[in-house]
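# Structural description and commentary
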Amino acid sequence: MYWARKSFTLLLTLAFVLLLTFFAFRIIPGNPASAILGMEASQEQISELEQKLGIEGPLHLQFFRWAGGVIQLDFGHSIRFSEPVLSLIASRLPVTLSLAAMSLAITLLVALPLGIAAARARGRFADLFISLTSQLGLAIPSFWMGIVLILVFGLTLKWFTVSTFVPWSENAWLALKSLTLPAIALAVPQIAIVVRYLRTTMLEQMNEDYVRTAKSKGLSNANVYYKHVLRNALIPVVTVVGINFGEILAGSLVIEGVFTLPGMGRLLMTAIGNRDYPLVQGMVLLIAFTVIIINFVVDLSYRWLDPKIRLK
Amino acid sequence: MESKSTLTMRLGLAIIALLGTMAAVSLLYVPYDVNEMNIAGRLQSPGALHWFGTDNFGRDIFSRVMEASKTAFLVGAVAVTIGLVAGFIIGATAGYLGGWTDEVLMRMIDALLAFPGILLALILVTVFEPNLFQTMIAIGVLSVPNFARVIRSGFFQYKEAEFVVAARGLGASHATVILRHVMPHIVSPIIVAASLSFSTAILVEAALSYLGLGVQPPDPSWGRMLSESQSYIGKAPWFALAPGVFIALTVLGFNLLGDGLRDLRDKKT
Amino acid sequence: MSKHHDEPLIELNGLFKTYDGAGFGAAKKKVHAVHDVSLTIMPGETLGLVGESGCGKSTTGRMAARLLQPSAGNITYRGRDLSLLRGRESKTMRKAIQYVFQDPYASLNPKFTIADLLEEPLRIHKLGDKAERRRQVDAMLETIGLNSSYARRYVHELSGGQRQRIGIARALMLKPEFLILDEPVSALDVSVQSQILNLLKDLQKQYGLTYLFISHDLNVVHYMSDRVAVMYMGKLVEIADVEGLYHAPFHPYTQALISAIPSEQRGKRSERRLLTGEIPDALSIPEGCSFHTRCPYVRDSCRRETPPIIGMGESRTVRCHLYPVDEGLDYGETKVALG
Amino acid sequence: MPLLTDWVKKAIEPEPSSQQRNCRLPEAGERDEDELLAVRNLSVNVKSSSRPVIEGIDLTVGRGEIVGIVGESGCGKSVLSLSIMGLLPSALKLGGGELRLNGQSLHQASQRQIRSMRGKHMSMIFQDPMTSLNPTLTIGEQLTESLRLHLKLGGREARERAVLWLRRTGLPRPEAILSSYPHQLSGGMRQRVMIAIALCCEPELLIADEPTTALDVTIQAQILDVLFRIREEEQTSILFISHDLGVIAELCDRVAVMYAGQIVEQGTVEELFESPQHPYTIGLMKSIPKPEKKGMRLYAIPGTVPSLHDRGEGCRFQSRCAHAAAICLDAMPALEHRGGSHAVRCFLASGERREMDV
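Residues numbered from 1 in each chain as written. Chains lettered and ligands numbered in written order. Predicted model: local features only at pLDDT ≥ 70, side-chain atom pairs only at ≥ 80, totals over all residues. Heavy atoms only, no water.

In the annotation of an unreviewed UniProt entry, the entry for chain C reads ATP-binding cassette domain-containing protein, and the organism field reads Paenibacillus paeoniae.

Under the annotation held in an unreviewed UniProt entry, chain B carries the name ABC transporter permease and is attributed to Paenibacillus paeoniae. Here is the UniProt Sequence similarities (unreviewed entry) comment for chain B, exactly as written: "Belongs to the binding-protein-dependent transport system permease family." Check the Subcellular location (unreviewed entry) section of the UniProt entry for chain B; it says "Cell membrane". (UniProt positions renumbered as here; feature names shortened; annotations may be inferred.)

In structure tokens form, the structure reads like this:
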């Protein structure tokens, strides 16, 4: 029963995403083909482009043809690069995914200890300091953080060479080095979110009765925190990680511009610049699907982690 | 000793007031004409004449930052209004009717949320010509889901509250129950959501303008100033610092206001 | 103490409340919160409704107050079926039956002043103008022992006892005849509890009220009630006059309930009848008599069919196989000796 | 009555031996080995205002004795129990006075020393079984945790002992319960698990803070019976805290009545219930709806409990006491003996008291 309900909600959301992406590119005023080719283009050129764009015929037919293609991973052809959209994306995916993965790793490695420390040092200096810095972390736009990092670590301290990306295949260490600064820039706001959220859930759990029971058993404070409180506090944090990944993906679209990294972001910007609708549509759809699938997986793991729900 | 939350709220309000007056003043007076170029005096470092120095065309950075604050507040205000109005309609309907309506509406909201951060704005900007008006609409749509969720959960939480059951038991009509009993409890979470979505709006506007897909010249924007400043980062680092600081300050102000209000609300109820 | 007219004021006839449990289609398990409850309440009387948590007493109370739609069965007020009443008649009925909530803190809107809370019933029924309503609020505050200075205060500024007084005052604003009290004193300390119980008794005399008094505290129920109905797992298991129930309970569950009351006589503890096992889960109510899993006198018939409710003498009924319908029974004889 | 379970049979046997012991209230300083817990003039203050929440507490608990503390909400009975366990909330701190368990002083002990005694020599069970267990750990994990900590027991040995204690508190199928989670058990079963957890390292003292208040009356009877039986079989001393005079009367050997942070009356259950001396105790007993009071108005103590900052100098009950004399307003009465172990904190010498109908 539970699975039926879960997969139904997933499918419904995916359907709405398909509809949204389809119609977003159909509300273009006038005819997109003539808009691209300009005024003097002949009729056959326009209809030929329309055919390529898949925007001829009645609307619902267009949708089913397009959606059918999407299900078989055929996102149509890019106008500008006259290559299948999917292969274009595939070529740029590794950079964006590795950037997002690195950023998520940094977020968790930094935010988890800080969140716990802030909760344990409740009201004292460490708590105040961490809360203030995370407040700043939330306020600083990640692309500006990127510029500042370039200024400080790139130009002045020269620890990192900027704007030269070495693909993983050639030299893993250099690739890693070139992704570090952008990953940090992307991670800062996410760290702030996770630290604040974990601190709140830790503080909430600390007031629960079972903590008092644990103490009455003679357990040391450390034992109470790590064995009892943290275990309950981490469960809700899982959902935040799901949201983090979506925000990181979106953030990378901008950060790649700051650090001139050949990822999905740069591709999307050029596609938007050339009004290359099929490419933009394909990329946007792929990102949206990834976000939904990740949230779905995170939601499942959240339910699996919590025995109250797992053993309903 | 004033509680921490009132302190944060006060600090947030102070920052917003400071920036708000700056934006208001910029309507009447700006030290230098924002577009007055002075190639000879370009990339001057901050000094008596130009508090924040000059940019690559010799324009006064302080005046441009002041002018851009107007755009930021404008975009924020319009985006929040769109988000609030649309969010309320969706959230209230889903919250009060529940059942299938709620399920369908919430899946639509999830679909909107599937386009994280600026992605949703990017789609709209691709389809329409990128400009100030377009940016406001795009960010407005972006903030709808958050409002819808806050208002829906407010309705759900208070729909089952005992005092609502009591009122219905006395024979109160649906309208009275919503207006007199449920609404007063939803107002404060909406204010908290509004201040937090204001800061998100400013961040997204800055990002879009940085990418050149948001506010277009001649309308001033912190984001676009940052993108212009990036190529001169070596020679004129201050050029990149000023707009960044102002974005962060404004966002900090609204975040502090939002956090302070939320902590206060949690304490009271 | 109670003035018995021949005509009952309120009758609950075969009330059911079932919730959909988990599962789909055939596998869908039904949760019977209330199962075939019928009660008759005479004017001026206090009927106690007692039982442990999950027995359905609150659900029954909420259905009687029309706060909850019964899945089956109906409620008659002065012989008229409530569900058939329309328009003006339904309005008068709504005024005549009022409900006092267990947790006054949750059932009184924290953003309203005491005056708003007490005026609300009058405002909903459009009774009197602003001044008239204000006068009635002040008078009601005096009646429940609070002076009118409380009118401008908020619920969170009051103590538990004072909040419960406001809960009662609010239910009285429309001058009802029948008051359903859901555990009105359970959350209060003993000293405050006695103040509220005295108040309820005085109000009953002053306004000739009829009470359905719901509680799990048998001492309080004994003090307040003329007759008592005992519920277990959604079903009525015994109804009796209060002295009869406490001194010669028929149903084994009632016997266990009464012997479980901690009392100050030292010796009482030794001959207590300890029930084994836990209260069953509402999702899987035992077959036959729902008490058979914990009953010391369980027999085969108890496991198979649910015993019917049978009359036992003048105003007593019981639902238990120990008292089979056919056997010539000398009414009033307690089947199972207590000690 | 073949149907009676063996527990009920045990309950019918003659009154337990502890009744005959004369529980004298030992004078301060004199240590007698029969005394497990000694509390001398204990006070607990609010950290910020150093205003006393509870003060002048004198109490002893003998070995194998059940001592009850009764009082209404806000009288400080839970604060007292938490101060003994060293689990005071951060806003409160131990003021003055002595706390001795088994001769060992707790009031001077370091946090580490007190912690090593918690669970080993003294343990505690709480009011709400629904929230007192960790929802993400199995019952087994939460039980063996104490055994490993204090008795250094290994896996199999710990499990066996855990099963033994679960069975002792009357839980059916203890092995199955070991691997189940708290949300799968009913309130009564969880409270039994709490008792097993508290007693599995066989501490000398068990503090029970309203353990049956959140339970139904038939389940409450079962839990009280478990506590009573464990005291019989293990000679565990119990400090039982409750607001319910009936439960106290039934379970306890001696009882102390608390009001506004002080003990106002103390003595054996017979002394207290047969001839209560303090006006508050008397008022409390008369407020309880008892069958013989049917139809009569219940006595209700006028006024409300004074809050922390307006307790004034004199006796804290004077504003609500029908016998308040001038002396009650300005001086604080001491807890004086009135024969046997019966002590009262009230100026009215027993002779001079006007007849109070009990």
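## Observations regarding the overall build of chain B
Along chain B, the regular secondary structure elements total 9 helices and 0 strands. For chain B, the succession of helices and strands along the chain, N to C, is α-α-α-α-α-α-α-α-α. Considering only C-alpha atoms, chain B reaches an extent of 80 × 50 × 30 Å along its principal axes. Out of the 269 residues belonging to chain B, those deemed buried represent 58%. Split by element, the accessible area of chain B, about 10600 Å² in all, is 70% carbon and sulfur. Across chain B, the centroid of the 18 positively charged side chains sits 6 Å from that of the 18 negatively charged ones. (Helix = DSSP H or I, 4+ residues; strand = E, 2+ residues; numbered from the N terminus. Buried < 20%, exposed > 50% of the residue type's maximum accessible area, 1.4 Å probe, protein only. Areas by Shrake-Rupley, 256 points an atom, 1.4 Å probe, with all protein chains shown as cover. Lys, Arg positive; Asp, Glu negative; His and termini not counted. Charge placed at Lys NZ, Arg CZ, Asp CG, Glu CD.)

## Some points on the interface of chain A and chain D
Each side of the interface is counted separately: chain A has 20 residues, and chain D has 27 residues. The contact between chain A and chain D buries some 2200 Å² in all, and 56% of this surface belongs to carbon and sulfur atoms. It is R212, S216 and K217 of chain A that lose the most area in chain A upon contact with chain D, and together they represent 27% of the buried surface on that side. One can count 2 salt bridges joining chain A with chain D. Between K217 of chain A and E145 of chain D there is a salt bridge, with its nearest N and O atoms 2.8 Å apart. Summed over the shared surface of chain A and chain D, the result is 13 residue pairs in polar contact (both at pLDDT 80 or more). Among the secondary structure elements, those contributing two or more residues to the side of chain A that touches chain D are helix 9 (209-216), helix 10 (221-258) and helix 13 (307-310) of chain A. Residue composition of the side of chain A that touches chain D, grouped by class: 5 nonpolar, 7 polar and 8 charged. (Contact = heavy atoms within 4.5 Å. Buried area = accessible area lost by both parts, 1.4 Å probe. Salt bridge = Lys/Arg side-chain N within 4 Å of Asp/Glu carboxyl O. Polar contact = N/O pair within 3.5 Å; in protein donor to acceptor, adjacent residues only side chain to side chain. Nonpolar A, V, L, I, M, F, W, Y, C, P; charged D, E, K, R; others polar.)

## Describing the nonpolar core
Ranked by internal contacts, the top residues of the largest apolar core, which has 222 residues, are F115 and L122 of chain B together with L141 and I166 of chain C. With 14 residues, the top contributor of residues to this core is helix 7 (residues 174-210) of chain B. When residues of this core are assigned to domains, at least three fall in each of domain 1 (2-71) and domain 2 (86-311) of chain A. Residues in contact with F115 of chain B, not counting those within four places in the same chain, are V17, L20, T21, V284 and A288 of chain A together with L120 and I123 of chain B. Grouped together as the second largest cluster of nonpolar side chains are 101 residues, L36, A162, L185 and V269 of chain D included. (Core = buried A, V, L, I, M, F, W, Y, C linked by side-chain atoms within 4.5 Å. Domains from an automatic or database assignment.)

## Here's the deal with the sheet that holds strand 8 (residues 210-215) of chain C
Residue and element names in this part refer to chain C. Pairing is mixed in the open sheet, where 8 strands are placed in the order 6-7-8-3-9-10-12-11. Every other strand in the sheet has two partners, leaving strand 6 (97-100) and strand 11 (310-311) as the edge strands with one partner each. Pairing analysis gives 6 bridges linking strand 9 (residues 227-232) to strand 10 (residues 235-241), with the strands arranged antiparallel. When the bridges of strand 10 are listed, V230 appears paired with E238. Relative to the sheet, helix 7 (residues 190-207) contacts strand 3 (46-50), strand 7 (178-182) and strand 8, its axis offset from that of strand 8 by approximately 160 degrees. (Pairing = 2+ DSSP bridges. Axes fitted to C-alpha atoms, helices over the stretch in contact; angles between N-to-C directions.)

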